[in-house]
Amino acid sequence: MKLHFHPRLRLSLLFFCFLFSATMSSNQHDYSDALSKSILFFEGQRSGFLPNDQRLKWRRNSGLSDGWTHNTDLTGGYYDAGDNVKFNFPMAFTTTMLAWSVIEFGELMPSSELRNALVALRWSSNYLLKSVSQLPNRIFVQVGDPIADHNCWERPEDMDTPRTAYVVNAPNPASEVAGEITAALSAASISFRSSDPGYSQTLLQNAVKTFQFADMYRGAYSSNDDIKNDVCPFYCDFNGFQDELLWGAAWLRKATGDETYLNYIESNREPFGASENVDEFGWDNKVGGLNVLVSKEVVEGNMYNLEAYKSSAESFMCSLVPESPGTHVEYTPGGLLYKPGGSQLQHATTISFLLLVYAQYLSRSSLSLNCGTLVVPPDYLRRLAKKQVDYILGENPMGLSYMVGYGERYPKRIHHRGSSLPSIVDHPGTIGCKDGSVYFNSTEPNPNVLIGAVVGGPGEDDKYDDDRADFRKSEPTTYINAPFVGVLAYFAANPGFR
């Protein structure tokens, strides 16, 4: 007897045969250990007065005079990567993603790790509150001269480079930074709503004020002549500021339920170009995350006036499914999501996060993803995310964990000043700007292990050289780790998922 399958069913059967064979070879990882370490990493990035319960003991106080030139306290926050500058734009995105991790997956975390995640979140949200403390007419966007900083290789505790506080005064614009800070404070307010309602309300009130500044004075902060030369080589948003306005409004909608923000994201989607670049999500492009976030209102709330956001979210999700019709994102031969440029793992962690979040939304409504003739259940999206996680944790052609301190083999020569220089405990004397060069050029492993740091990762050929000078591959960033916290929380709570 010969069986005849409907074309749609035949595609689905082939799809699941591939899926089954791909998952059978997966090794078991200690996702709980990886989760703990991914959160611990943030303690190594701290600026300001460190608390008594600081766990990475090789770090000490730093940046204690930040803001003094403006008679403002701008201490605290995070150094975004391996340097000693506080860039508010990526720091705000880090904060948003830490908060979103808690919102979606906090209930799955052990109580101790949820506490640590909230401590990490508060460290950055406290700093962001300081950066908007002089609204409605002034917002701080950065602390530290990046040109001078990048010409030195010194510990944050020894910094003698200018700690310039970069400020934008109305009516000059800073929409992308202010929009992202709006998102960060709004998301953080949701995260703290049950554990600290007073703080939650403070965050939300400041988010509203920050959005008013972002929307009233529309434009990019890089358009300000007095700061653009110091921000654009590093964190300029060449994708425009409009996605951050929609992103901030979407988070305010989620935090407040206010119809004003619903109308804003509905009416401005097309004028702000949110239907373009739907397969991008990171510190400089929020469209992919925006579509997934807003689609929750359609999937779970039947807000069909926002259907365009859901359609774009599904288009993005389908582009990640190799068997689906249409255009696809690229994968390396070893299976890593690949996009042109450096720091590949930032794409893997943010997109894995979106896969899991969208799978959650579909599951709660007993829905599947429709990619043309292919029906994709939520668990397949989770398996796609798991493949990225397992790649990062060691299932890759190099056999190398890209999380420092996890597994038997991981990067030892990461591009990170504090990690690569002797700690103050071991070398109390000052190590000056150029005196650190000998450590930068050394082939020895870093003396201080930045536990939990996820480095930029391999190239499109899956190759990785453990080279401190190759910052595109060996430098960790806070915005790689922040979404990974939520991703690891899911798999730590579901260790048998295949």
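Residues numbered from 1 in each chain as written. Predicted model: local features only at pLDDT ≥ 70, side-chain atom pairs only at ≥ 80, totals over all residues. Heavy atoms only, no water.

- Looking at an unreviewed UniProt entry, one finds the chain named Endoglucanase, with Microthlaspi erraticum as its source organism.
- Quoted verbatim from the Sequence similarities (unreviewed entry) heading of the UniProt record, the comment on the chain is "Belongs to the glycosyl hydrolase 9 (cellulase E) family."
- Of the comments in the UniProt record for the chain, the one headed Catalytic activity (unreviewed entry) reads "Endohydrolysis of (1->4)-beta-D-glucosidic linkages in cellulose, lichenin and cereal beta-D-glucans." (UniProt positions renumbered as here; feature names shortened; annotations may be inferred.)

**A look at the pairing of strand β2 (residues 138-143)**
For step 1, the next point in the chain: With 5 of 6 residues buried, β2 is to be regarded as a mostly interior element.
For step 2, the next point in the chain: Where strand β1 (residues 86-87) lies against β2, 2 bridges are found, and the strand directions are antiparallel. Bridge pairing in β2 links F87 to Q142.
For step 3, the next point in the chain: Across 5 bridges, the pairing between β2 and strand β3 (residues 165-169) is antiparallel. Along β3, the bridge assignment pairs F140 with V167. (Buried < 20%, exposed > 50% of the residue type's maximum accessible area, 1.4 Å probe, protein only. Helix = DSSP H or I, 4+ residues; strand = E, 2+ residues; numbered from the N terminus. Pairing = 2+ DSSP bridges.)

**Thoughts on the pattern of salt bridges**
For step 1, the next point in the chain: Taken as a whole and judged by the stated rule, the model has 25 salt bridges.
For step 2, the next point in the chain: D215 is the salt-bridge partner of R218, the closest N and O atoms lying 2.9 Å from each other.
For step 3, the next point in the chain: Note on D215: relative accessible area 22%, which makes it partly exposed.
For step 4, the next point in the chain: The partner of K339 in a salt bridge is D279, with the nearest N and O atoms 4.0 Å apart. Of this pair, K339 sits in the loop between β5 (337-338) and α13 (345-364) while D279 sits in the loop between α10 (259-267) and α11 (287-299), and the two are 60 residues apart along the sequence. (Salt bridge = Lys/Arg side-chain N within 4 Å of Asp/Glu carboxyl O.)

**What about the packing of helix α3 (residues 88-105) against helix α9 (residues 242-256)?**
For step 1, the next point in the chain: Two elements in contact, α3 and α9, have axes separated by 13 Å at closest approach and are oriented at 35°. At the point where α3 passes α9, the crossing takes the left-handed sense. Of α9, the residues touching α3 (which contributes F89, T96, W100 and I103) are E244, W247, W251 and K254.
For step 2, the next point in the chain: Of the residues assigned to the contact of α3 with α9, the class counts are 5 nonpolar, 1 polar and 2 charged. (Axes fitted to C-alpha atoms, helices over the stretch in contact; angles between N-to-C directions. Left-handed = near helix turned anticlockwise from the far one by under 90°. Contact = heavy atoms within 4.5 Å. Nonpolar A, V, L, I, M, F, W, Y, C, P; charged D, E, K, R; others polar.)

**Quick word on the sheet that holds β1**
For step 1, the next point in the chain: Spatial ordering of the open sheet is given by β1-β2-β3, a layout of 3 strands whose pairing is antiparallel. Edge positions in the sheet fall to β1 and β3, since each of these pairs with one other strand and no more.

**As for the layout of surface pockets**
Rolling a probe over the atoms, with the probe sized like a water molecule, indicates the empty space that remains.
For step 1, the next point in the chain: Roughly 910 Å³ of volume is contained in the largest pocket.
For step 2, the next point in the chain: As for the largest pocket, its lining consists of 32 residues, of which F234, W283, S343, Q346 and Y479 are closest to the centre.
For step 3, the next point in the chain: Elements represented by at least two residues in the lining of the largest pocket include exactly α8 (228-235), α13 and α17 (471-474).
For step 4, the next point in the chain: Element by element, the count of residues in the lining of the largest pocket is highest for α8, at 3 residues.
For step 5, the next point in the chain: Of the residues assigned to the lining of the largest pocket, the class counts are 12 nonpolar, 12 polar and 8 charged. (1 Å grid on protein atoms, 1.4 Å probe; cavity = no way out; pocket = protein on both sides within 12 Å on 5 of 7 lines; lining within 4 Å. Points joined across faces, edges and corners; volume = space filled by probe spheres on them.)

**Focus: the UniProt feature "active site" (unreviewed entry) in the chain**
For step 1, the next point in the chain: The UniProt entry lists H415, D466 and E475 under the feature "active site" (unreviewed entry), expressed in the numbering used here. Maximum C-alpha separation among the annotated residues is 10.6 Å over a sequence range of 61 residues, consistent with a single clustered spot. Here the residues from the annotation list that line the largest pocket are H415 and E475.
For step 2, the next point in the chain: Counting through the fold element by element, H415 comes out in the loop between α14 (378-392) and α15 (417-420).
For step 3, the next point in the chain: Within the structure, the side chain of H415 is placed 2.8 Å from the backbone oxygen of R468, a separation counted as a polar contact.
For step 4, the next point in the chain: Note on placement: E475 falls in the loop between α17 and α18 (478-493).
For step 5, the next point in the chain: For E475, a relative accessible area of 14% gives the class buried. (Polar contact = N/O pair within 3.5 Å; in protein donor to acceptor, adjacent residues only side chain to side chain.)

**Observations concerning a negative patch on the surface**
For step 1, the next point in the chain: On the surface, E330, E460, D461, D465 and D467 cluster together into a patch of negative charge.
For step 2, the next point in the chain: Within the secondary structure layout, E460 lies in the loop between α16 (437-440) and α17.
For step 3, the next point in the chain: Among the residues examined, E460 registers a relative accessible area of 51% and is labelled exposed. (Patch = residues over 30% accessible without salt bridge, like charges linked within 9 Å, V, L, I, M, F, W, Y side chains within 5 Å. Areas by Shrake-Rupley, 256 points an atom, 1.4 Å probe, with all protein chains shown as cover. Lys, Arg positive; Asp, Glu negative; His and termini not counted. Charge placed at Lys NZ, Arg CZ, Asp CG, Glu CD.)

**Describing unusual backbone geometry**
For step 1, the next point in the chain: The step from L135 to P136 runs through a cis peptide bond, and the omega angle for that step is 25°.
For step 2, the next point in the chain: With respect to the secondary-structure elements, P136 resides in the loop between α4 (111-131) and β2.
For step 3, the next point in the chain: Look at the link from A170 to P171: it is a cis peptide, with omega at 10°.
For step 4, the next point in the chain: Tracing the sequence through the fold places P171 in the loop between β3 and α6 (175-191).
For step 5, the next point in the chain: In this structure, N302 takes a positive phi of about 60° despite not being glycine.
For step 6, the next point in the chain: Along the chain, the position of N302 falls in the loop between α11 and α12 (307-319).
For step 7, the next point in the chain: Positive phi is not limited to glycine here, since S343 has a value of about 50°.
For step 8, the next point in the chain: Mapped onto the fold, S343 is located in the loop between β5 and α13.

**Some thoughts on the environment of Y79**
For step 1, the next point in the chain: Here Y79 is to be found in the loop between α2 (31-40) and β1.
For step 2, the next point in the chain: Accessibility expressed as a relative area gives 2% for Y79, which makes it buried.
For step 3, the next point in the chain: Between the alpha carbons of Y79 and N263 there is a distance of 36 Å; along the sequence they are 184 residues apart.

**Description of the packing of aromatic side chains**
How two aromatic rings sit relative to each other is set out by the distance from centre to centre and by the angle between their planes.
For step 1, the next point in the chain: For the structure shown, the criterion picks out 24 aromatic pairs.
For step 2, the next point in the chain: An angle of 80° between the planes, with centres 6.0 Å apart, marks the rings of F211 and Y261 as edge-to-face. Within this pair, whereas F211 is found in helix α7 (residues 197-216), its partner Y261 is found in helix α10, the two being separated by 50 residues in sequence. Residue F211 shares its accessibility class with Y261, and that shared class is buried.
For step 3, the next point in the chain: Where Y391 meets Y402, the ring centres are 6.4 Å apart and the plane angle is 15°; that geometry is what we call stacked. With a gap of 11 residues between them, Y391 in helix α14 and Y402 in the loop between α14 and α15 connect regions that are remote in the sequence. Across the pair, exposure class does not vary: Y391 and Y402 are buried alike. (Phe/Tyr/Trp six-rings, centres within 6.5 Å; stacked < 30°, edge-to-face > 60°.)

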